[in-house]
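Commentary on secondary and tertiary structure
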Number of protein chains: 2
Amino acid sequence: MITVVLDAYGADYSPTEPVKGAILAVKENADLHVTITGKKDEIKKVLVENKADLNRFTIIDATDVITNLDVPTVAIKQKTESSLYKAIEEVRTNNDVYGLVSGGSTGAVLTGAFLRIGRIRGVSRPALCPILPTIYDDRQVALVDSGANIDCKPINLVHFAIMGNAYVKNVLKVSNPRVALLSNGTEDKKGNDLVHTTFPVLKEMPEINFIGNMEARDLLFGDVDLVVTDGFAGNVLLKSTEGAISAFQKILKSKVKKSLTALVGAIFMKKVFKQLKQKLDYNNRPGAVLLGTKKVVVKAHGSAKANCFKECILQVVKMAEANICKIIEEEVSKVEVNINEE
Amino acid sequence: MITVVLDAYGADYSPTEPVKGAILAVKENADLHVTITGKKDEIKKVLVENKADLNRFTIIDATDVITNLDVPTVAIKQKTESSLYKAIEEVRTNNDVYGLVSGGSTGAVLTGAFLRIGRIRGVSRPALCPILPTIYDDRQVALVDSGANIDCKPINLVHFAIMGNAYVKNVLKVSNPRVALLSNGTEDKKGNDLVHTTFPVLKEMPEINFIGNMEARDLLFGDVDLVVTDGFAGNVLLKSTEGAISAFQKILKSKVKKSLTALVGAIFMKKVFKQLKQKLDYNNRPGAVLLGTKKVVVKAHGSAKANCFKECILQVVKMAEANICKIIEEEVSKVEVNINEE
């Protein structure tokens, strides 16, 4: 049996969608048990209404909620009755639990994970790693760090590469992942100071199939399995990609609305638009995994629906099966990095 | 009369498309004269074939070309017979010329502009400023710096804001432009060290309508007129936006091809797709203007068509009419910046 802890509060559709996600997850995996933190009565109500097998769930009552308005460092210390605090405590203290899923405040989840769960030995900084679709139906691209570490040193990026590589290889099951460094051009000499110092280190690492610098333009074109970058540029990359697609769809819709012919065309294209929506919808993927903490943490989108929570919970299971934390500890310890910072 | 210099070589469709662009430009502006640098016979041939009024053009013969394979700093010193070198010399030495348009190697254009044309007094670093469409048909968004300065200090970003603001206000004619700082969240405290130090300076500047931090996600949604950022993040923002839209279109096309019904729908939607293409096509906009050099430089896309070159040339005219270089010099000199770098 594997146990995953779910923080059922702090997300937009809490507790209904997170709990429904847990119900979907246990249906897909007979060995799974989900411990849910939050308001006991409300959680139980959702379980009962959805005819869930109550034996597959444990509820830890938590009356308080950490919201996006809370200051993460303060909330994680003071809101000890919150669903997130209790979820982290359960993950931290219970050896049978492999990881945690939360759709709550990213800042609070990260702070809780850093301060209370703690880093894997040797890891300089844990980092967020979401997965994006590509133009190919059978390829994805992972991105590390998407925003946990805003100011980075080369050693951090090297660790992101090692952890991301371990994740893509062992959990996403991509053999010999192609790892690239985000830069302002593909040439070896392109980049800011951080990229310049990190590039030669990654190039010398036999454990990593480093294919060099990549441009932001190529993110979704399927030629890279893992993009390594600092959390600021990673955040810009991730959000501008999401934003551009969303803006494109909005422009398309507004133009279609103005033409009857186009409206008819859109009806014929309904199925394709649905496929496209499905492919791009983050609810069909697990959220960003936090790599480098002693227990696994998966962050669902704040506005995630049940299916996203299901994917997040099942991702923890896959990470447990791969024993990713052990692999990361081993891989990081293997690497001796000499960095020349100018 | 206003004279603009056009480097007709170094771009993918040189010299045909640049020269055709010049022909289109003089047709739109009766006061315009274009001095074209490059292989005289080839340029003349394009002019004659397109029945251009030869009195509107001067050709400066240049037998050599700087390509993307050249090392910019070396090429700008040694390839003195190149079209770009000669174009820069003409801009630099001829008082009647306001600016230069080139579709050649970005590195070489920037190096030439920095080293030979030189900075406006008081400007710490010139910066590239492209314009993008938004979801609204009547709003654009400018971005500075999109990649000329990969490692930046706060004073650079402050100057980018001043120059970009002057450009958007006086050339794009947006009154009271909304200026935002690219960050990893909209809250005041979000950002990397560079953003943290720059934010309070911009906030205190009465000349700038600073609306705070913005997320990359919001670039195309029309609520910001000017995005200020360092050249690395700016490059990521610009290229991921272009890449995401291009990938989306590619996915859409591949799905449509697999379904006859969708193909029929696409035919009905043809006009809308065309409108969309037109809106997003960089050939319908001027390239990135370089702000902060003594003469105006506009960089066309390497694969730009005639219309893009036309827009670039006419943008130099607008910048001349606004006397943007003078305004930038005045605005920069007005501002006394005290920056607390930690």
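Below you will find a few notes about this structure. Here the structure is a predicted model, which means the values were calculated and not measured.

**What about the relation of the copies chain A and chain B?**
For these two chains of identical sequence, chain A goes onto chain B by a turn of 180° and a shift of 0.0 Å along the axis, with RMSD 0.0 Å. Viewed as a symmetry operation, the transformation between the two copies matches a two-fold axis. No C-alpha of chain A approaches the rotation axis more nearly than that of G265(A), which lies at 1.9 Å. Both copies present the same face, since 100% of the interface residues in chain A are matched by interface residues at the equivalent positions in chain B.

**Overview of the sheet that holds strand β7 (residues 140-144) of chain B**
All names here are of chain B. The strand order across the open sheet formed by five strands is β6-β7-β10-β8-β9, and the pairing between neighbours is mixed. Every interior strand has two partners, whereas the edge strands, β6 (131-133) and β9 (209-215), have only one. Direction aside, the axes of adjacent strands within the sheet are offset by 30° on average. Where strand β8 (residues 178-183) lies against strand β10 (residues 226-228), three bridges are found, and the strand directions are parallel. Directly across from L181, in β10, lies its bridge partner V228. On the sheet, helix α6 (residues 154-170) packs against β6, β7, β8 and β10 and is oriented at approximately 165° with respect to β10.

**Some remarks on the side chain of T37(B)**
Residue and element names in this part refer to chain B. Tracing the chain through its elements places T37 in strand β2 (residues 32-38). For T37, the side chain forms a polar contact with the main-chain oxygen of S83, separated by 2.7 Å. With residues up to four places along the chain from it excluded, the contact list for T37 reads V5, L6, D7, A8, Y9, I43, I60, S83, K86 and A87.

**Considerations on the packing of helix α8 (residues 231-257) of chain A against helix α8 (residues 231-257) of chain B**
In the contact formed by α8(A) and α8(B), the axes pass within 8 Å of each other and the chain directions differ by 40°. Between α8(A) and α8(B) the crossing geometry is right-handed. Contacts between α8(A) and α8(B) pair F232(A), A233(A), V236(A), L237(A), S240(A), T241(A), A244(A), I245(A), F248(A) and Q249(A) from the former with F232(B), A233(B), V236(B), L237(B), S240(B), T241(B), A244(B), I245(B), F248(B) and Q249(B) from the latter. When its residues are assigned to classes, the contact of α8(A) with α8(B) shows 14 nonpolar, six polar and no charged.

**With respect to the pairing of strand β2 (residues 32-38) of chain A**
Residue and element names in this part refer to chain A. The element β2 is largely enclosed, with a buried count of seven among its seven residues. Side-chain alternation along β2 places L32, V34, I36 and G38 on one buried face and H33, T35 and T37 on a second face that is also buried. In this structure, strand β1 (residues 2-7) lies alongside β2, joined through six bridges in parallel fashion. Residue pairing in the sheet places T3 in a bridge with H33 of β2. In this fold, the crossover linking β1 to β2 by way of helix α1 (residues 16-28) has right-handed handedness. Relative to strand β3 (residues 57-61), β2 is paired through five bridges, and the arrangement is parallel. Bridged to G38 within β3 is D61. In this region the chain leaves β2, passes through helix α2 (residues 40-49) and returns to the parallel neighbour β3; the handedness of that crossover is right-handed.

**Overview of the side chain of S102(B)**
All names here are of chain B. By the secondary structure assignment, S102 is in strand β4 (residues 97-102). S102 sits in the buried class, given a relative accessible area of 0%. Apart from residues lying up to four places away in sequence, S102 is in contact with D7, L84, V109, V298, K299, A300 and F309.

**Considering the interface of chain A and chain B**
The interface is formed by 52 residues belonging to chain A together with 52 residues belonging to chain B. The junction of chain A with chain B conceals about 4800 Å² of combined surface from both sides, 75% of it contributed by carbon and sulfur atoms. In terms of surface lost to chain B, no three residues of chain A exceed F232(A), F248(A) and K255(A), which account for 15% of the buried area on that side. Counting across the interface, chain A meets chain B through six salt bridges. At the junction of chain A with chain B, the criterion picks out nine residue pairs in polar contact (both at pLDDT 80 or more). Among the secondary structure elements, those contributing two or more residues to the side of chain A that touches chain B are β8 (178-183), α7 (193-203), α8, α9 (260-268) and α10 (270-280) of chain A. Among the residues forming the side of chain A that touches chain B, the class breakdown is 27 nonpolar, 14 polar and eleven charged.

**Examining helix α10 (residues 270-280) of chain B**
For α10(B), the full list of buried residues reads V272(B), L276(B) and K279(B). Here the buried residues of α10(B) occupy an arc of 60° about the axis, which is enough to place them on one side. In α10(B), those exposed residues whose orientation departs by more than 90 degrees from the buried face are K270(B), K271(B), K274(B) and K277(B). Packing partners of the buried residues in α10(B) comprise α8 and α9 of chain A together with β6 of chain B.

**Quick word on the sheet that holds strand β5 (residues 127-129) of chain A**
Neighbouring strands of a sheet are bound in pairs by backbone hydrogen bonds; such pairs are parallel or else antiparallel. Residues and elements named next belong to chain A. As summarised here, the arrangement of the seven strands in space is β3-β2-β1-β4-β12-β11-β5, forming an open sheet in which the pairing is mixed. Only two strands of the sheet have a single partner each, and these edge strands are β3 and β5. Ignoring which end each strand starts from, the neighbouring axes of this sheet average 25° apart. Across three bridges, strand β11 (residues 288-291) lies against strand β12 (residues 296-299) in antiparallel orientation. Bridge pairing in β12 links A288 to K299. The strands that α2 touches are β2 and β3; relative to β3, the one it contacts most, it runs at about 155°. On top of the sheet, helix α6 (residues 154-170) reaches β5 and β11; it is set at about 125° to β11, its chief contact.

**Some thoughts on the pattern of salt bridges**
In the structure shown here, the tally under the stated rule is 34 salt bridges over all chains. One salt bridge connects K203(B) with D188(B), and the closest N-O pair in it is separated by 3.9 Å. Here K203(B), found in helix α7 (residues 193-203), pairs with D188(B), found in the loop between β8 and α7; they are 15 residues apart in sequence, far enough to count as distant. Since its relative accessible area comes to 45%, D188(B) is described here as partly exposed. A salt bridge links E215(B) to R217(B); the shortest N-O distance between them is 3.7 Å. On the basis of relative accessible area, E215(B) is assigned to the buried category, the value being 14%. Through salt bridges that share partners, E215(A), R217(A), K239(B) and E242(B) make up one connected network.

**So, the packing of α6(B) against α7(B)**
Residue and element names in this part refer to chain B. As a packed pair, α6 and α7 sit with axes 9 Å apart at the nearest point and diverge in direction by 45°. As judged from the angle between their axes, α6 and α7 are oblique. By crossing handedness, the relation of α6 to α7 is classed as right-handed. Judged by residue contacts, P154, L157, V158 and A161 of α6 engage L194, T197, T198, V201 and L202 from α7. Taken together, the residues that form the contact of α6 with α7 break down as seven nonpolar, two polar and no charged.

Reading guide: rules and limits
- Residues numbered from 1 in each chain as written.
- Chains lettered and ligands numbered in written order.
- Predicted model: local features only at pLDDT ≥ 70, side-chain atom pairs only at ≥ 80, totals over all residues.
- Heavy atoms only, no water.
- Least-squares fit on C-alpha atoms with pLDDT ≥ 70 in both.
- Contact = heavy atoms within 4.5 Å.
- Pairing = 2+ DSSP bridges.
- Helix = DSSP H or I, 4+ residues; strand = E, 2+ residues; numbered from the N terminus.
- Axes fitted to C-alpha atoms, helices over the stretch in contact; angles between N-to-C directions.
- Polar contact = N/O pair within 3.5 Å; in protein donor to acceptor, adjacent residues only side chain to side chain.
- Left-handed = near helix turned anticlockwise from the far one by under 90°.
- Nonpolar A, V, L, I, M, F, W, Y, C, P; charged D, E, K, R; others polar.
- Buried < 20%, exposed > 50% of the residue type's maximum accessible area, 1.4 Å probe, protein only.
- Right-handed = clockwise from strand over helix to strand, strands pointing away.
- Buried area = accessible area lost by both parts, 1.4 Å probe.
- Salt bridge = Lys/Arg side-chain N within 4 Å of Asp/Glu carboxyl O.
- Arc of directions from axis to C-beta.
- Parallel < 35°, antiparallel > 145°, perpendicular 65-115°, else oblique.

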